[in-house]
Amino acid sequence: MSEKRLAVASVAFDERVEALVLQVLRSGRIAQGVIVEAVESAVANVLGVSHVVAMNNGTSTLIAALHLLGVGRGDEVITSPFTFGATLNAILAVGATARFADIDGDDFNMSPTSVESIIGERTVALVPVHLFGQTADMTSLCAIAERHGLAVVEDAAQALGARHAGRSAGSFGVGSFSMYATKNVTSGEGGLLTTDDATLAAAARRFRNQGMDGGYMYESFGLNLRLTDVHAAIALPQLERLDQINADRVGNAARLSGALRGSEGLVPPPTLPANDHVFHQYTVRLDPLRHDRSTVKQQLALAGIDTAVYYPRLLFDYPYFAAAPGVVHDHCPVAAATTHQVLSLPVHQHLTASDVDRIADVVERALR
Ligand SMILES: *Cc1c(COP(=O)(O)O)cnc(C)c1O
């Protein structure tokens, strides 16, 4: 029994990445430069957006988007409580108050109906999170935003290349992507802000560079949020084959769902009709009345299959966030129940078909 361990996330680079990183190292120009620019145009091309501004990580692009849209103290921003802490930290970083919409039963994303029920006088922006690689219902959310005059910042950290109604994630509002080590495309750390607004893009370029336009022309508040060419060189060859990376993940997900469809007390992740999912995570729901999740997780681990719980709690249920000014406890029963059901299985592009079959077999056995 020396079967290899299958991890939820796996990082492996081909020779093109190695060659480009080496080329940058030898060029002597390792800070933000031409390779960052090449990443920005590659992403603009793939997503069909006019402007892409690369930054040092996806938390920075979220903060930049909110700040540059004028969101700040006294403003309310509506997001999902079932997400990574960065989404909430970004809202708090600009001094705004976070409100939480419940999620939809199926797709783990913010429910438009729930959003509408908490919009108030102070609401200025929506931050839908495209969780696990599938966009929220952007058709409905954009209609709501338009009706109430709200800005939209898409936390698309997990959804590079995902589409809704034929349009890319990140093209509906101001988009924010992450290239952290575990994301579908990685530069180790990295972020991408997307927009069709030339003025906002120019402001984002200044904001990431101490508020400067060119050399020592301070025009506005800014920070150092630049990405390096070394990091960009890791990402660029992956961006050139983004469709293949995502197609491999989608194929693995389909194979898993085909095999697991009959398992009792397990619901495979659905893809909503208008969506192209990119399966950053393959997250099943286990019926807590039928299965003890930690036992299942343990059995899988013993068989060499790593899994993860994204996310074990709602953000406002952590003592720190619960006590933080600017965090409102909204009623989110579906999201709360979901935290007890979810389990993410490996789905990444480095798995073989037989790896996927092995995962499905082990899951089926663990549930029996
Ligand atoms: C990864 C992630 C982020 C933050 O990205 P970093 O690059 O790690 O700063 C934000 N939101 C979600 C939902 C994420 O998964």
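Residues numbered from 1 in each chain as written. Predicted model: local features only at pLDDT ≥ 70, side-chain atom pairs only at ≥ 80, totals over all residues. Heavy atoms only, no water.

A. A look at the packing of aromatic side chains. As enumerated under the stated definition, the model contains nine aromatic pairs in all. Each ring, one from F108 and one from F132, has its centre 5.1 Å from the other, and the planes form 75°; the classification is edge-to-face. Residue F108 is found in the loop between β3 (97–100) and α5 (112–118), and its partner F132 is found in the loop between β4 (123–127) and α6 (138–148); the two are separated by 24 residues along the sequence. Both residues of the pair, F108 and F132, belong to the buried class. Note on F207 and F221: the rings are 6.0 Å apart at their centroids and 55° apart in plane angle, and the pair reads as tilted. Here F207, found in helix α7 (residues 198–207), pairs with F221, found in the loop between α7 and α8 (229–240); they are 14 residues apart in sequence, far enough to count as distant. Taking the relative accessible area as the measure of exposure, F207 reaches 2% and is therefore buried. (Phe/Tyr/Trp six-rings, centres within 6.5 Å; stacked < 30°, edge-to-face > 60°. Helix = DSSP H or I, 4+ residues; strand = E, 2+ residues; numbered from the N terminus. Buried < 20%, exposed > 50% of the residue type's maximum accessible area, 1.4 Å probe, protein only.)

B. Representation of the environment of D317 in the model. The residue D317 is located in the loop between α10 (293–302) and α11 (319–323) in this model. Sequence separation between D317 and P81 is 236 residues, and the spatial gap between their C-alpha atoms is 9.1 Å.

C. The arrangement of the sheet that holds strand β10 (residues 266–267) in detail. Spatial ordering of the open sheet is given by β10-β12-β13, a layout of three strands whose pairing is antiparallel. Edge positions in the sheet fall to β10 and β13 (342–345), since each of these pairs with one other strand and no more. Bridging between strand β12 (residues 282–286) and β13 involves four bridges; their strand directions are antiparallel. Its bridge partner lying in β13, T283 is registered against S344. Helix α9 (residues 242–260) rests against β10, β12 and β13 of the sheet, and its axis sits at about 20° to β12. Packing against the sheet, α10 makes contact with β12 and β13, and its axis sits at approximately 15° to β13. (Pairing = 2+ DSSP bridges. Contact = heavy atoms within 4.5 Å. Axes fitted to C-alpha atoms, helices over the stretch in contact; angles between N-to-C directions.)

D. Fine view of the sheet that holds β4. Strand order in this open sheet of seven strands is β1-β9-β8-β5-β4-β2-β3, and the pairing throughout is mixed. The open sheet has two edge strands, β1 (51–55) and β3, and neither has a second partner. Each strand of the sheet is rotated relative to its neighbour by a mean of 25°, with strand direction disregarded. When strand β8 (residues 174–178) meets strand β9 (residues 191–195), the two strands line up antiparallel, connected through four bridges.

E. Local environment of helix α2 (residues 34–47). In this model, α2 (14 residues) spans 20 Å end to end at C-alpha, consistent with the 20 Å of a helix rising 1.5 Å per residue. Turning to α2, its buried residues number three or more, namely I35, V36, V39, E40, A42, V43, A44 and L47. (Expected span 1.5 Å × (residues − 1).)

F. Layout of the nonpolar core. In this structure, F82, L193, Y282, L300 and L345 are the most contacted members of the largest nonpolar core, which totals 66 residues. In terms of residue count, the dominant contributor to this core is helix α13 (residues 353–367) (seven residues). In terms of nonpolar packing, the next biggest core, distinct from the first, is built from 34 residues, L20, A42, L160 and L239 among them. (Core = buried A, V, L, I, M, F, W, Y, C linked by side-chain atoms within 4.5 Å.)

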